2 protein chains.
Amino acid sequence: MLRLFFAPLPAAVRCRTLKNMNTCAATRLDELLQRLRKAGHRLTPQRVAIVRQLLERDDHPSVEQLHTAILAEFPTTSLATVYKTIHLLKQLGEVLELGFGELGSRYDGRHPRPHPHLICTRCGSITDPPCPDDEVDALASRIAKQSGFAVSSHRFDLFGLCPACRARS
Amino acid sequence: MLRLFFAPLPAAVRCRTLKNMNTCAATRLDELLQRLRKAGHRLTPQRVAIVRQLLERDDHPSVEQLHTAILAEFPTTSLATVYKTIHLLKQLGEVLELGFGELGSRYDGRHPRPHPHLICTRCGSITDPPCPDDEVDALASRIAKQSGFAVSSHRFDLFGLCPACRARS
DNA sequence: ATTAGTGCAAAACGTTTGCAACATT
DNA sequence: AATGTTGCAAACGTTTTGCACTAAT
């Protein structure tokens, strides 16, 4: 059923099959699934669907949103499975978890490495700014150096109004 | 009972009564309580105790930790009251809430304005780095400008090992 | 055939809420 | 005296867990 992921097609063909997806993302999907399998995990349809969602969407979905999307494909998928899969991906460093008090947890499967986020406090949208992550990394290490901290990860969130919501006010 | 907060003593006297507290913090306590009262809120013993905890400690306590500390003074204080008080202080901008997925919410009543935090992933300690907040603010506005975002607040968390835990490894 | 993963329901967890009794103003 | 606050318990939303069944390997 999902055999196509195990024997990847040429990039050109692969990319034509997934709308709005660039070569990089499609490649990452294949690679990620390979890594999952090599780590001894089974590629169930539900699991693959969840991974695909995480790689295809760029809106930092919540668990609830992921579950809803998966249900369209596999109507019996449980919330618990979504949670378990996300947990697995977190452990493997394949998704970045963004926990917000009120907004709940959101996930970024496209760029699992730390990078800044813009959170609109009106519409709740979360976007990745077109910013060189290096600057943030640099600031992080500078601060860490001064305090003798060994920084392994960081998080930079900017709260405010997105351009759309600004215009709407 | 708590009348002394309403008619503040001279700074020199005030500071002698609170160990390990600098003039600034003691002043802020008085001012904060005044502001609370002027906003039409009542200064109950529990409430004052919670505010004091938030200003005296520098360890970014959790709700649970605050509750435990308050219980020593007022054994019947409920968790709900702590939550309600924190909620009130948040609304008034007197405390900064730091929500962490696994660590739960932590609170900073000393520096309610956004500033970076160093979170030790081993011992769970949260400290304020000796860093000029301006740098973070500057980076935040630079990123915001590029993306048309109107930033009203931000958050910069660094995860890693604190000096003590580094030495212990 | 093994054994990891699923799905369900129950439990756990932090937080919020409704309300009668209470204490500050 | 008026009314904001407390404390209890119940409700809440999110995440986790136990376990029998199912399905990928």
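In the block above lies the structure referred to throughout.
What this report covers is the structure whose coordinates are included nearby.

Cut-offs used in this document
Think of each chain on its own: its residues are numbered from 1, step by step along the sequence as written. For naming, the first written chain is A and the first written ligand is 1, with later ones following in the order written. Residue-level local features of this predicted model are given only where pLDDT is at least 70; pairs of side-chain atoms are given and counted only at 80 or more, and the full residue set underlies all totals for whole chains, interfaces and linings. As a rule here, side-chain values cover all heavy atoms of the structure and leave hydrogens and water aside. Note on definitions: salt bridges are taken to be side-chain nitrogens of Lys or Arg within 4 Å of carboxyl oxygens of Asp or Glu. Helix and strand labels come from DSSP, where a helix needs a run of H or I of at least four residues and a strand needs a run of E of at least two; each type is numbered from the N terminus. Partly exposed describes any residue whose relative accessible area lies between the buried limit of under 20% and the exposed limit of over 50%, with all areas from a 1.4 Å probe on protein chains only and scaled to the type maximum. We place a 1 Å grid over just the protein atoms. Points where a 1.4 Å probe fits but has no way out form a cavity, open points with protein on both sides within 12 Å along at least 5 of 7 lines form a pocket, and any residue with an atom within 4 Å of a point lines it. Grid points are joined across faces, edges and corners, and a volume is the space filled by probe spheres set on the points. Residues are grouped as follows: nonpolar covers Ala, Val, Leu, Ile, Met, Phe, Trp, Tyr, Cys and Pro; charged covers Asp, Glu, Lys and Arg; every other residue, Gly included, is treated as polar.

Before going further, it helps to spend a moment on the pattern of salt bridges. A complete count under the given rule lists 16 salt bridges over all chains for this structure. Put simply, Arg35 of chain B and Glu31 of chain B hold a salt bridge, and the shortest N to O gap is 3.9 Å. On the criterion of helical spacing, the pair formed by Arg35 of chain B and Glu31 of chain B is a turn pair, its members being four residues apart in helix 3 (residues 23-38). Take Arg35 of chain B: its relative accessible area is 38%, and that puts it in the partly exposed class. On the accessibility criterion, Glu31 of chain B (42% relative accessible area) is partly exposed. Between Glu97 of chain B and Lys90 of chain B there is a salt bridge whose closest N-O contact spans 3.2 Å. The exposure class assigned to Glu97 of chain B is partly exposed, which follows from its relative accessible area of 29%. The partly exposed category is assigned to Lys90 of chain B, whose relative accessible area is 29%. Where salt bridges share partners, they join Arg28, Glu31, Arg35 and Glu94 of chain A into one cluster.

Turning our eyes to something else, we now look at empty space enclosed by the protein. All names here are of chain B. Scanning the model with the defined rule gives one cavity of 30 Å³ or more in all. Considered as a void within the structure, the largest cavity measures approximately 40 Å³ in volume. If you trace the largest cavity, you find it lined by Leu54, Arg57, Asp58, Asp59, His60, Pro61, Tyr107, Asp108, Gly109, Arg110, His111 and Asp128. Taken together, the residues of the lining of the largest cavity sort by class into three nonpolar, three polar and six charged.

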